[in-house]
Amino acid sequence: MCSAPVVAAIILAAGRGARFSADENKLLAPLDGQPLLRHVAETALASRASRVVVVTGHRQHDVAAALAGLPVSYAHNMDFASGLASSLRIGLAAAEQADGVLILLGDMPAVSTPVLDALMTAFEAAPHCAAVVPVCQGVRGNPVLLTRALFPQLAQLRGDEGARRLLRSVEGVVELPIDDPSILADVDTPADLARLTRSRYSRS
């Protein structure tokens, strides 16, 4: 019997979030009494991922303080100002011998643990795929699961480019239907955060 593939969770938390505030790290903004980023980390830790790595950059010590007490590891991106691609490369390097990585964005605190586990289950069912991407209402969202087969191509990305364009051009991408609009919602502005806060209170 073959063992399940090993998947590490990589949380990208290095950016400045300039659209949120000129001098505030949006990942540290409070939601339900704790930083946005802590919600993401706790969700990842509750999943079946083998380990959780947080890629830091801007205000790295404050980011680590926001996650105090959580069993995560860190990979610091000294070149975070160059854009998303550098953080992605740092995260992939930290994944070591994992068969795949879940790439979580630190500004998407509403994504749930069942979504992460569903992505890993889809990978287990299609171990030779290139990636697993969640789809809601016909739109691809985040997080995505990238397999080791894509690592060499991902390492060639530069600037502020993530995996999105690459995933549109490679074969073997599994689209996983997810009936959860949280995979499409990130927090870019204070208005986004206010909207998310209202939606959480309306469900409680």
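Structure: see above.
Here goes a summary of the coordinates provided. Model, not experiment: these values are computed from the prediction.

This part is about helix H3 (residues 84-94). Every α-helical turn comprises 3.6 residues, leaving residues that sit three or four positions apart pointing alike. Taken residue by residue, H3 has Ala 85, Ser 86, Ser 87, Leu 88, Gly 91, Leu 92 and Ala 94 as its buried positions. For H3, the elements touching its buried residues are strand S1 (7-13), strand S4 (52-56), strand S5 (73-76), strand S6 (100-105) and helix H5 (151-154). Backbone geometry just downstream of H3 places Glu 96 in the positive-phi region, at approximately 55°.

Right, let's get into the pairing of S1. Burial within S1 is extensive, with 7 of its 7 residues counted as buried. What you see with S1 is no split at all: Val 7, Ala 9, Ile 11 and Ala 13 on one side and Ala 8, Ile 10 and Leu 12 on the other are buried throughout. Where S1 lies against S6, 6 bridges are found, and the strand directions are parallel. The residue of S6 that forms the bridge with Ile 11 is Leu 104. Both S1 and S4 contribute to a ladder of 5 bridges, which runs parallel.

Considering only enclosed or pocket space, the largest pocket measures out at about 1200 Å³ in volume. If you go around the largest pocket, you meet 41 residues; those closest to its centre are Leu 84, Leu 105, Asp 107, Asp 160 and Asp 186. A per-class count over the lining of the largest pocket returns 21 nonpolar, 9 polar and 11 charged.

Further remarks concern empty space enclosed by the protein. In this structure the tally under the stated criterion is 1 cavity of 30 Å³ or more. In this model, the largest cavity occupies a volume close to 60 Å³. Within the residue set of the lining of the largest cavity, elements represented by two or more residues are helix H1 (36-45) and S6. Sorting elements by how many residues they give to the lining of the largest cavity places H1 first, with 3 residues. Looking at the lining of the largest cavity residue by residue, the classes come out as 7 nonpolar, 3 polar and no charged.

Conventions we followed
Residues numbered from 1 in each chain as written. Predicted model: local features only at pLDDT ≥ 70, side-chain atom pairs only at ≥ 80, totals over all residues. Heavy atoms only, no water. Buried < 20%, exposed > 50% of the residue type's maximum accessible area, 1.4 Å probe, protein only. Helix = DSSP H or I, 4+ residues; strand = E, 2+ residues; numbered from the N terminus. Contact = heavy atoms within 4.5 Å. Pairing = 2+ DSSP bridges. 1 Å grid on protein atoms, 1.4 Å probe; cavity = no way out; pocket = protein on both sides within 12 Å on 5 of 7 lines; lining within 4 Å. Points joined across faces, edges and corners; volume = space filled by probe spheres on them. Nonpolar A, V, L, I, M, F, W, Y, C, P; charged D, E, K, R; others polar.

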